[in-house]
Amino acid sequence: MEKIKLYGLRISYYTGKMEAYLRYKGIEHDFVTLNRARFRRIEEKTGTAQMPAIELPDGRFMADTTPMIAWFESQYPDTPVVPEDPVLAFLAHLLEDYFEEWLWRPAMHYRWSYQPSRLHLSRKIVDEFMTDMPVPKMIMRAVIRRRQLGRYVKKDGVSSDTWDHVESIYLKTLERLENVLSQREYLLGDKPSLADFGLFASMFRHFSQDPTASDIMRLQAPGVFEWQARLWNARWNSTSRWLDAVPGDLMPILKDVGAAYLPYLNDNARAWQQRQERFNPTTLGVQYRDVPVSQYRVWCLEELQRKARAVPQVDQDRLQTTLESANCWAPLFELKEPASGYDDSDLPFRAGKVHYDNRR
């Protein structure tokens, strides 16, 4: 039987997440290293130049890890990564979204703002992705460093005014996770959930491997370092269990969601509705300037609202009580209609996850 093909790079934030998910589910696949020609083909097939992408044996292409995982869950329901309990299921979705979207900025910052990481990663990108370029590698590495630092760090609001706050997101997350993972193997029990895979995106290919961030993790959060290796090696089994209720040790993380991430999603959505291309959000008293407005993150807010409303009525009071205790309920529904205008009708087969240079 022909295997699916997973296209990506071994340094990629989202590729690591998808690769770990496929390994855990036991879905056989071949990893195909992207080059420029394959990247152009993926854009033609999916509508967006992003990694990872998957090619199915029937020739269809998919992109965007969250919708791809949802599709695979529908195809392989006997090995789920979403808890059966409706409240825990919603929290798994909420935490997946929070971890992979909110940790993006510190992950890019630690990779490209510090010289040891910048030098290391520019070499890996050129050696892995740009093998067909008829340009001296030294020049290509310099171009990559300048482009990545400018586009994904400085133009994403990281400055001398926000530097400490960006790093605090990573450092506080490590502290909170270390406490959680000292109690159990994974976030919601003794087997991984969707929340773990969302967290894995940044923690595996960026924070645990990039020189500067990795030094911090190994010294300050060895339990998190152990967790990411454990998840990479995990395989689904029928004896593992999720928790029966929301654990108290997750509350500090959920309070971060309510205090910082959901207000940011609301500010981003308002800027999108006002047809702005960039905006100036304030997060926990820290002013960010000239940050790109993301249509995709407006859709993230819409999806979180939809999933919360889809929780069965019998469980709604329990969900609301849990979210109110973390100050998440009010900001989750602050905007009644985020109105992303994002076409998700053919996800994951036509994708459009864009954090920069949104197209209207």
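Note: the structure precedes this text.
Calculation notes
- Residues numbered from 1 in each chain as written.
- Predicted model: local features only at pLDDT ≥ 70, side-chain atom pairs only at ≥ 80, totals over all residues.
- Heavy atoms only, no water.
- Axes fitted to C-alpha atoms, helices over the stretch in contact; angles between N-to-C directions.
- Helix = DSSP H or I, 4+ residues; strand = E, 2+ residues; numbered from the N terminus.
- Parallel < 35°, antiparallel > 145°, perpendicular 65-115°, else oblique.
- Left-handed = near helix turned anticlockwise from the far one by under 90°.
- Contact = heavy atoms within 4.5 Å.
- Nonpolar A, V, L, I, M, F, W, Y, C, P; charged D, E, K, R; others polar.
- 1 Å grid on protein atoms, 1.4 Å probe; cavity = no way out; pocket = protein on both sides within 12 Å on 5 of 7 lines; lining within 4 Å.
- Points joined across faces, edges and corners; volume = space filled by probe spheres on them.
- Pairing = 2+ DSSP bridges.
- Right-handed = clockwise from strand over helix to strand, strands pointing away.
- Buried < 20%, exposed > 50% of the residue type's maximum accessible area, 1.4 Å probe, protein only.
- Core = buried A, V, L, I, M, F, W, Y, C linked by side-chain atoms within 4.5 Å.
- Salt bridge = Lys/Arg side-chain N within 4 Å of Asp/Glu carboxyl O.
- Phe/Tyr/Trp six-rings, centres within 6.5 Å; stacked < 30°, edge-to-face > 60°.
- Lys NZ or Arg CZ within 6 Å of the ring centre and 35° of its normal.

Student: Now, about the packing of helix α8 (residues 163-181) against helix α9 (residues 194-207): what can you tell me, with residues and values included?
Tutor: Viewed as axis vectors pointing N to C, α8 and α9 meet at an angle of 110 degrees, and their least axial separation amounts to 13 Å. Considering their axes alone, α8 and α9 lie roughly perpendicular with respect to each other. Crossing geometry of α8 relative to α9 is assigned as left-handed. Residues Tyr 170, Thr 173, Leu 174 and Leu 177 of α8 form the contact with α9, whose participating residues are Leu 199, Met 203 and Phe 207. Of the residues in the contact of α8 with α9, the class split is 6 nonpolar, 1 polar and no charged.

Student: Provide a residue-level description of the layout of surface pockets, including the pertinent values.
Tutor: The calculated volume of the second largest pocket comes to roughly 390 Å³. Around the second largest pocket, the lining is made up of 21 residues, and of these Thr 66, Ala 70, His 93, Glu 303 and Lys 307 lie nearest the centre. When contributions to the lining of the second largest pocket are tallied by element, the ones reaching two or more residues are α3 (65-75), α4 (86-102) and α13 (295-309). Tallied by class, the residues present in the lining of the second largest pocket amount to 11 nonpolar, 2 polar and 8 charged.

Student: So what's going on with empty space enclosed by the protein? Residues and values would help.
Tutor: Summed over the entire model, instances satisfying the criterion amount to 1 cavity of 30 Å³ or more. By volume, the largest cavity amounts to about 40 Å³. Forming the boundary of the largest cavity are Glu 101, Trp 102, Trp 104, Arg 105, Asp 156, Tyr 264 and Arg 297. At the level of secondary structure, the elements contributing two or more residues to the lining of the largest cavity comprise α4 and α5 (104-112). Grouping the amino acids of the lining of the largest cavity by side-chain chemistry returns 3 nonpolar, no polar and 4 charged.

Student: Can you explain the pairing of strand β2 (residues 29-33)? Please cite residues and give values.
Tutor: The two faces of a sheet get side chains in turn, since along a regular strand they alternate between them. Both strand β1 (residues 4-8) and β2 contribute to a ladder of 5 bridges, which runs parallel. Looking at the pairing, Tyr 7 lines up with Val 32 of β2. Regarding the hand of the β-α-β motif, the stretch spanning β1, helix α1 (residues 13-25) and β2 is right-handed.

Student: Give me the environment of Met 18: which residues, what numbers.
Tutor: Note that Met 18 resides in helix α1. Residue Met 18 is classed as buried on the basis of its relative accessible area of 0%. Distance in space between the C-alpha atoms of Met 18 and Ser 168 is 27 Å, their sequence separation being 150 residues. Here Met 18 is in contact with Leu 6, Pro 52, Ile 54, Thr 65, Met 68, Ile 69 and Phe 72, once residues within four sequence places are set aside.

Student: How would you summarise the nonpolar core if you had to cite specific residues and measurements?
Tutor: Ile 54, Phe 72 and Met 203 are the most contacted members of the largest nonpolar core, which has 123 residues in total. A per-element tally of this core places helix α12 (residues 251-273) first, with 12 residues. Those residues within four positions of Phe 72 in sequence are excluded, and the remaining contacts are Ile 4, Met 18, Tyr 21, Leu 22, Ile 27, Ile 54, Leu 56 and Met 62.

Student: Before we move on, could you go through the pattern of salt bridges and cite the residues and values that matter?
Tutor: Going through the model one piece at a time under the given rule, you end up with 23 salt bridges. The partner of Arg 318 in a salt bridge is Asp 85, and the shortest N-O contact between them spans 2.9 Å. Placement of the pair is Arg 318 in helix α14 (residues 313-325) and Asp 85 in the loop between α3 and α4, with a sequence separation of 233 residues. Residue classification places Arg 318 among the partly exposed positions, given a relative accessible area of 35%. The residue Asp 127 makes a salt bridge to Lys 137 at a minimum N-O spacing of 3.3 Å. Residue Asp 127 is found in helix α6 (residues 115-129), and its partner Lys 137 is found in helix α7 (residues 137-152); the two are separated by 10 residues along the sequence. Residue classification places Asp 127 among the partly exposed residues on the basis of a relative accessible area of 36%.

Student: Give me the lowdown on the packing of aromatic side chains, citing residues and values where you can.
Tutor: As enumerated under the stated definition, the model contains 30 aromatic pairs in all. Here Tyr 13 and Trp 104 contribute two aromatic rings whose centre-to-centre distance is 5.1 Å and whose plane-to-plane angle is 70 degrees, an arrangement assigned as edge-to-face. In this pair, Tyr 13 is assigned in helix α1 and Trp 104 in helix α5, connecting sequence segments 91 residues apart. Exposure class is identical for Tyr 13 and Trp 104. Each is buried. Here the aromatic rings of Phe 204 and Trp 232 are separated by 4.8 Å at their centres, their planes lie at 25 degrees, and the arrangement is stacked. On the criterion of sequence distance, the pair formed by Phe 204 in helix α9 and Trp 232 in helix α11 (residues 222-232) is long-range, its members being 28 residues apart. By the ring-pair criterion, three or more aromatic residues cluster together here, those being Tyr 21, Tyr 24, Trp 71, Phe 72, Tyr 76, Phe 197 and Phe 349. A cation over an aromatic ring shows up here: Lys 191 above the ring of Trp 242, its NZ or CZ 3.9 Å from the ring centre.

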